[in-house]
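Commentary on secondary and tertiary structure
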Amino acid sequence: MADFDIAIIGGGINGAGIARDAAGRGLSVLLVEQDDLGSGTSSASTKLIHGGLRYLEHGAFWLVRKALIEREVLLQIAPHLIRPMRFVLPINPERRSKLLLQLGLFIYDHLGGRKILPPTRKLDLTQDPAGQSLKPELRSAFEYSDCWVDDARLVVLNVLDAAERGATIRTRMRMINVVRRDVWHFMLECRGRRAPMTARILINAAGPWVGQVAEHLLQIPGRPPLRLVKGTHIVVRKLFDHDRGYIFQNSDRRIIFALPFERDFTLIGTTDNEFTDDPSGAIPTGDEIAYLCGAANEYFRTEITNKQVVAIFTGVRALHDDGSKKPEDVTRDYYLTLDESKHAAPLLTVYGGKITTYRRLAEEALDRLKHVLRDTPHWTAHVPLPGGDFSHDGIEQLIADVRSRWPFLSEPTATRMVRAYGTRINRILGTAKSLGELGPNFGADLTAAEVRYLMQFEWALTADDVLFRRTKLGMRLSKVERERLHTFMIGPPAKAVNA
Ligand code: FAD
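Computed from a prediction, not measured in an experiment: that's the story for all the values here.

What counts, and at which threshold
- Residues numbered from 1 in each chain as written.
- Predicted model: local features only at pLDDT ≥ 70, side-chain atom pairs only at ≥ 80, totals over all residues.
- Heavy atoms only, no water.
- Helix = DSSP H or I, 4+ residues; strand = E, 2+ residues; numbered from the N terminus.
- Rg over C-alpha atoms; globule rule 2.2 N^0.38 Å.
- Buried < 20%, exposed > 50% of the residue type's maximum accessible area, 1.4 Å probe, protein only.
- Contact = heavy atoms within 4.5 Å.
- Near = heavy atom within 4 Å.
- Polar contact = N/O pair within 3.5 Å; in protein donor to acceptor, adjacent residues only side chain to side chain.
- Areas by Shrake-Rupley, 256 points an atom, 1.4 Å probe, with all protein chains shown as cover.
- Nonpolar A, V, L, I, M, F, W, Y, C, P; charged D, E, K, R; others polar.
- Phe/Tyr/Trp six-rings, centres within 6.5 Å; stacked < 30°, edge-to-face > 60°.
- Salt bridge = Lys/Arg side-chain N within 4 Å of Asp/Glu carboxyl O.
- Axes fitted to C-alpha atoms, helices over the stretch in contact; angles between N-to-C directions.
- Parallel < 35°, antiparallel > 145°, perpendicular 65-115°, else oblique.
- Left-handed = near helix turned anticlockwise from the far one by under 90°.
- Domains from an automatic or database assignment.
- Buried area = accessible area lost by both parts, 1.4 Å probe.
- Core = buried A, V, L, I, M, F, W, Y, C linked by side-chain atoms within 4.5 Å.

This part takes up the overall build of the protein chain. Within the protein chain, the regular secondary structure consists of 13 helices and 18 strands. For 499 residues, the compact-globule formula gives about 23 Å, and the C-alpha radius of gyration of the protein chain, at 23 Å, lands near that figure. For the protein chain, the spread of C-alpha atoms along the three principal axes comes to 70 × 60 × 45 Å. Looking at the protein chain residue by residue over its 499 residues, the buried ones come to 58%. A separation threshold of at least 6 residues defines the contact pool for the protein chain, and within that pool the share at least 24 residues apart is 72%.

What follows deals with the site of the ligand. Taken together, 35 residues lie around the ligand, and Glu 33, Ser 42, Leu 48, Gly 353 and Thr 356 are the ones closest in. Here Gln 34 contributes a backbone N or O atom positioned 3.1 Å from a nitrogen atom of the ligand. Contact with the protein chains covers 97% of the free accessible surface of the ligand, which is 1,000 Å². Of all the secondary-structure elements, those providing two or more residues to the shell around the ligand are helix 1 (13-24), strand 11 (226-237) and strand 16 (309-320). If one sorts the elements of the shell around the ligand by residue count, strand 16 sits on top with three residues. Grouping the amino acids of the shell around the ligand by side-chain chemistry returns 12 nonpolar, 19 polar and four charged.

Let us now look at the packing of aromatic side chains. Taken as a whole and assessed by the stated rule, the structure comprises 13 aromatic pairs. Ring geometry for Phe 87 against Tyr 144: centres 5.6 Å apart, planes inclined by 25°, an arrangement best described as stacked. Here Phe 87, found in strand 4 (residues 82-90), pairs with Tyr 144, found in strand 6 (residues 140-149); they are 57 residues apart in sequence, far enough to count as distant. Judged on exposure class, the residue Phe 87 and its partner Tyr 144 are both buried. A ring pair is formed by Phe 240 and Phe 300, whose centres lie 6.1 Å apart and whose planes are at 15°; its orientation type is stacked.

Before going further, it helps to examine the pattern of salt bridges. Should the charged atoms of two oppositely charged side chains come close, the side chains can pair. Enumeration according to the criterion identifies 44 salt bridges in this entry. The salt bridge partner of Glu 143 is Arg 121, with a shortest N-O separation of 3.1 Å. Of this pair, Glu 143 sits in strand 6 while Arg 121 sits in strand 5 (residues 121-124), and the two are 22 residues apart along the sequence. On the basis of relative accessibility, which here comes to 3%, the residue Glu 143 falls in the buried class. Here Arg 424 ties to Glu 164 by a salt bridge, and the two come within 2.8 Å at their closest N and O atoms. In this pair, Arg 424 sits in the loop between helix 9 (411-421) and helix 10 (426-429) while Glu 164 sits in helix 4 (residues 151-164), placing the two residues 260 residues apart along the sequence.

Below, the discussion takes up the packing of helix 11 (residues 448-457) against helix 13 (residues 479-490). Packing of helix 11 against helix 13 brings their axes to within 11 Å, and their N-to-C directions diverge by 50°. Comparing the axis directions of helix 11 and helix 13 gives the class oblique. Between helix 11 and helix 13 lies a crossing of right-handed hand. Judged by residue contacts, Ala 448, Val 451, Arg 452 and Met 455 of helix 11 engage Leu 485, Phe 488 and Met 489 from helix 13.

A few words now on the domain arrangement of the protein chain. Once the domains are mapped, the protein chain shows domain 1 (4-41 + 152-225 + 332-368) and domain 2 (395-490). The C-alpha-based centres of domain 1 and domain 2 are spaced at 30 Å. On the side of domain 2, 15 residues touch domain 1, which itself brings 15 residues to the contact. Note on domain 1 versus domain 2: buried area summed over both sides is about 1,200 Å², and carbon and sulfur give 51% of it. Joining domain 1 to domain 2, the criterion identifies five salt bridges. One can count seven residue pairs in polar contact (both at pLDDT 80 or more) joining domain 1 with domain 2.

Ile 6, Ile 8, Ile 82, Ile 203, Val 451, Val 466 and Leu 485 are the most contacted members of the largest nonpolar core, which totals 83 residues. If one sorts the elements of this core by residue count, helix 4 sits on top with eight residues. The residue makeup of this core includes at least three contributed by each of domain 1 (4-41 + 152-225 + 332-368) and domain 2 (395-490). Excluding anything up to four places from it in sequence, Ile 82 contacts Ile 49, Leu 74, Leu 75, Cys 147, Trp 148, Val 149 and Arg 419. Counting residues in hydrophobic clusters, the runner-up holds 29 residues, among them Leu 56, Leu 101, Ile 247 and Phe 257.

With that out of the way, let us pick up the environment of Val 210. You can see Val 210 is positioned in helix 5 (residues 210-217). Sequence spacing of Val 210 and Met 417 is 207 residues, and the spatial spacing of their C-alpha atoms is 34 Å. If near-sequence neighbours (up to four positions away) are discounted, Val 210 is found in contact with Asn 204, Leu 226, Thr 349, Val 350 and Tyr 351.

Right under this line is the structure:
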């Protein structure tokens, strides 16, 4: 008998999705994350739940179809974290013909059984407000649908659901001394304290560290089929005053997104650069910032320089190496390998994937293991994530309900909190009758009640966990405010729960 059916290395979206799915199937699950949940690639994405329009050019119809179908599935299970977004694609015949764009968007509209999201339409940029921030020579565009997601919260809510279904979650812990016999034997280590454990199956979902884990921790011989590609985003003060995103065709045939971000900002990304170093050391470079400013300056009237950049983040994709020459051409689909040599406990390894397809990846991972585990039905497509138990088009109503129950909340605060916590907002606000009853305010609209909730139920341990992953308020707090939050979090006896 092992302690767990499954032990998962990596608390990014893929590890979190597998943990949730497995726990809901009645399996005993251990999820081990060396840092904070979602602190790897899963908080550094462009934050799109999308089919990937550009993948059509690569003939990746199967991936696009799978991802397009997932858009509406995820929108329905997490209507607080995920919202429909319209994308403006200016027609620029020097880059791609109008006919090619029209054909691509027709396929995009029809490939994925779209039911909720509205179809593509043409825009006259000389009349439409979306044209006001763009260069006057851009006279027409297409507008199509995809979705936006709070990526790091999607990770946390999958983990929360897994924990509520019985999974054991260990953050800021490393797995060491792994020995493979008929079950896996390993040690968990945190600040010198060690605990021995066993599991029947091990899943390596370490994202860009998947190769390091395979080689150094699991000592699997041979080079993993892995290609690391680094992508950087910049954040600037908002460049336009509407809630649609832009997708720009760049001169190198790549595309760049410019998206409304956190009410007052615009997020611009991404780059695609081959990366061969340790993913922990991935940092943005001046060239990447210049590239993104240059790409945006081809389209926006307002000139952007590196001086306007208020935040930057970089993530590393762990793609399955399909032999493509250019980093942007490597497949974005996931690839699972199952190693189950005789008398040795099974090892499942996850390569690549997208936030968009994490739920399907988790289903397939467990399907690959069903001869070892119980054969249990799929369930995650229909069961909402914590706080997401309302209709996909019910967010405005929920915000209105919250404001009538807690009238002291401003509209932006109610909106932010409903988007983050959905129907679980009552667990933070409780019976409070005034803002003062929520405790000290740390800056922006972050109160002690919210921070305590994040520490108690969402594994937040540091100010960065709260400010950059559980919320995105980090850009709004001064250094002094951040330090005050830090002191508050480390001050009282540790409340964080490793359920
Ligand atoms: P990660 O999120 O990196 O998680 C792996 C985790 O494993 C990390 O938290 C790490 O700390 C942990 N770990 C590593 N080693 C150990 C160890 N020894 N012990 C314990 N824990 C360990 N996808 C989309 O669908 N839409 C997008 O718009 C999008 N944009 C993107 C933009 C960029 C720039 C990048 C880089 C990716 C983007 N993606 C997007 C892809 C998506 O972000 C990734 O596919 C996804 O986040 C990968 O998740 P993961 O769980 O595999 O990896």
